[in-house]
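Secondary and tertiary structure notes
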Amino acid sequence: MYDLADMAENLADIRERIAAAAARCGRRAEEITLVAVSKTFPVEAIQGAYELGVRHFGENRVQEFESKEKELDCREATWHLIGHLQGNKARRAAQLFHRIDSVDSAALAQKLERLMNEIPDAAGDAPSAGDSKRRDVLIEVRLSDEATKSGAAQADLPAVFEAVAGLTGLRLRGLMTIPPFFEDPEDARPYFRRLRALRDDLWKGTSRADLAGELSMGMSHDFEVAIEEGATEIRIGTALFGKRPPI
Ligand SMILES: *Cc1c(COP(=O)(O)O)cnc(C)c1O
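Residues numbered from 1 in each chain as written. Predicted model: local features only at pLDDT ≥ 70, side-chain atom pairs only at ≥ 80, totals over all residues. Heavy atoms only, no water.

**Digging into the overall build of the chain**
The following threshold applies: Strands are runs of DSSP state E lasting at least 2 residues, helices are runs of H or I lasting at least 4, and numbering of each runs from the N terminus. Put simply, the radius of gyration uses C-alpha atoms, and a globule should come to 2.2 Å times the residue count raised to 0.38. In what follows, residue pairs with any heavy atoms lying within 4.5 Å of each other are defined as contacts. The protein chains shown are the only cover counted for residues, whose accessible areas, like all others here, come from Shrake-Rupley with a 1.4 Å probe.
If you tally the helices and strands in the chain, you get nine helices and nine strands. What you see for the chain is a C-alpha radius of gyration of 17 Å, in line with the 18 Å of a compact globule of 247 residues. The principal-axis extents of the C-alpha atoms in the chain amount to approximately 45 × 40 × 35 Å. Summarising the internal contacts of the chain: among those between residues at least 6 apart in sequence, 63% fall at separations of at least 24. Total accessible area on the chain stands at roughly 11,400 Å², and carbon and sulfur atoms take up 49% of it.

**Quick look at the layout of surface pockets**
Our working rule: Cavity: a set of points on a 1 Å grid over the protein atoms alone where a 1.4 Å probe fits but cannot get out. Pocket: an open set with protein on both sides within 12 Å along at least five of seven lines, its lining residues, like those of a cavity, having an atom within 4 Å of a point. Grid points are joined across faces, edges and corners, and a volume is the space filled by probe spheres set on the points. Nonpolar residues are Ala, Val, Leu, Ile, Met, Phe, Trp, Tyr, Cys and Pro. Charged residues are Asp, Glu, Lys and Arg, and all others, Gly as well, are polar.
The space that makes up the largest pocket amounts to roughly 660 Å³. If you trace the largest pocket, you find 27 residues lining it, with Lys-39, Asn-60, Ile-82, Gly-83 and Ile-178 closest to the centre. Counting residues per element, the ones that place at least two in the lining of the largest pocket are helix H3 (62-69) and strand S9 (233-236). Residue composition of the lining of the largest pocket, by class: nine nonpolar, eleven polar and seven charged.

**Observations regarding the pattern of salt bridges**
Our working definition: Any carboxyl oxygen of Asp or Glu that lies within 4 Å of a side-chain nitrogen of Lys or Arg is treated as forming a salt bridge with it.
Taken as a whole and judged by the stated rule, the model has 22 salt bridges. In this structure, Asp-73 engages Arg-75 in a salt bridge whose closest nitrogen and oxygen atoms are separated by 3.2 Å. Through salt bridges with shared partners, a single ionic network connects Arg-24, Glu-186, Arg-189, Arg-193, Arg-196, Glu-228 and Glu-229.

**Side note on the site of the ligand**
In plain terms, the rule: We call a residue near a given molecule or strand whenever any one of its heavy atoms falls within 4 Å of it. Throughout this description, a polar contact denotes any pair of N or O atoms lying within 3.5 Å of each other; where both atoms belong to protein, one of them has to be capable of donating a hydrogen while the other can accept it, and for residues adjacent in sequence the pair is counted only when both atoms sit in side chains. Placement in a cavity or pocket follows one criterion, namely that more than half of the molecule's atoms lie within 2 Å of its grid points.
Every residue near the ligand is listed here: Val-37, Lys-39, Ile-82, Ile-178, Met-219, Ser-220, Arg-235, Ile-236, Gly-237, Thr-238 and Arg-244. With respect to the ligand, the side chain of Lys-39 contributes an N or O atom lying 2.7 Å from an oxygen atom. Ser-220 is positioned with one of its side-chain polar atoms (N or O) 2.5 Å from an oxygen atom of the ligand. Look at the ligand: alone it shows 390 Å² of surface, and the protein chains cover 89% of it. For the ligand, the cavity whose grid points lie within 2 Å of the majority of its atoms is the largest pocket. Classifying every residue of the shell around the ligand gives five nonpolar, three polar and three charged.

**A look at the environment of Gly-166**
The cut-off we apply is this: Only protein chains enter the accessibility calculation, which uses a 1.4 Å probe; a residue is then buried when its area is under 20% of its type maximum, exposed when over 50%, and partly exposed in between.
One can find Gly-166 in the loop between helix H6 (157-165) and strand S7 (170-177). Overall, the relative accessible area of 55% leaves Gly-166 in the exposed class. Distance in space between the C-alpha atoms of Gly-166 and Phe-41 is 36 Å, their sequence separation being 125 residues.

**As for the confidence of the model for the chain**
The test is simple: The score called pLDDT rates the predictor's confidence residue by residue, from a low of 0 to a high of 100.
Mean pLDDT over the chain works out to 92, with 93% of the residues at or above the 70 mark. Confidence drops under a pLDDT of 50 for residues 125-130, and excluding neighbours within four residues, the segment shows 13 contacts in the predicted structure.

**What about the pairing of S7?**
Note the following rule: In this scheme, strands are said to pair when DSSP sees at least two bridges between them. Place the viewer so that the strands point away; then a crossover is right-handed whenever the path from the first strand over the helix to the second strand goes clockwise.
Among the eight residues of S7, seven are classified as buried, and the element is accordingly described as predominantly covered. Relative to S7, strand S5 (residues 135-142) runs parallel, the two being bridged by seven bridges. Bridged to Ile-139 within S7 is Leu-175. Here S7 runs beside strand S8 (residues 214-216); their pairing, made up of three bridges, is parallel. Along S8, the bridge assignment pairs Leu-175 with Leu-215. Taken together, S7, helix H7 (residues 189-204) and S8 form a β-α-β motif whose crossover is right-handed.

See the structure below:
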């Protein structure tokens, strides 16, 4: 059973730490969106977080979210897909999620673009979906050589950026990354800094003044460092929900 009081305490603690990290670098806490990563956690935990006021959620598997979604009553929530998306799941993903934060190739973006022209609006019903004819997306960038990590290679990023920015069914909102895991979160700082520099370069070089430049970076154990380096979205699972249940 999920103890709402525990979760409320965790949430208050996270919010305090967000505010403190923001204050350290002259930012406002409101600039930072908390995305609760609910993968592997049950519906009751998600519903509980929603009742506590959390409005952004991240799931990493289309099928897992599809089965939970039917039992949830979170009308104003914004759902982010944060895991690698295979082409054969793209249609379902575009229907279920308001935001795809893990676009890692021009081909996937073009596939989503085609689908957006075909599917009647599903996730777009939620008020938070904004412009229902377009899906908000982030480009996921792989900044380390770890073979297991998904994301566009840094060398391919300019081409992926150009491709995604030019599509009409998608709205490019920024970049996302998952640095390698380090015991000491300070060691993740150079990765966060690099993502921000890539965003600055790409965005400076575009004539599209309308492109938002979000930075989705930072997880339970390193979000404060990410905030200091400019994160506008942090993805928090275990610090909010507790230990992840075995799958
Ligand atoms: C699981 C996951 C998170 C959250 O991880 P925690 O360490 O539990 O906070 C964040 N981002 C992605 C992409 C994930 O898969």
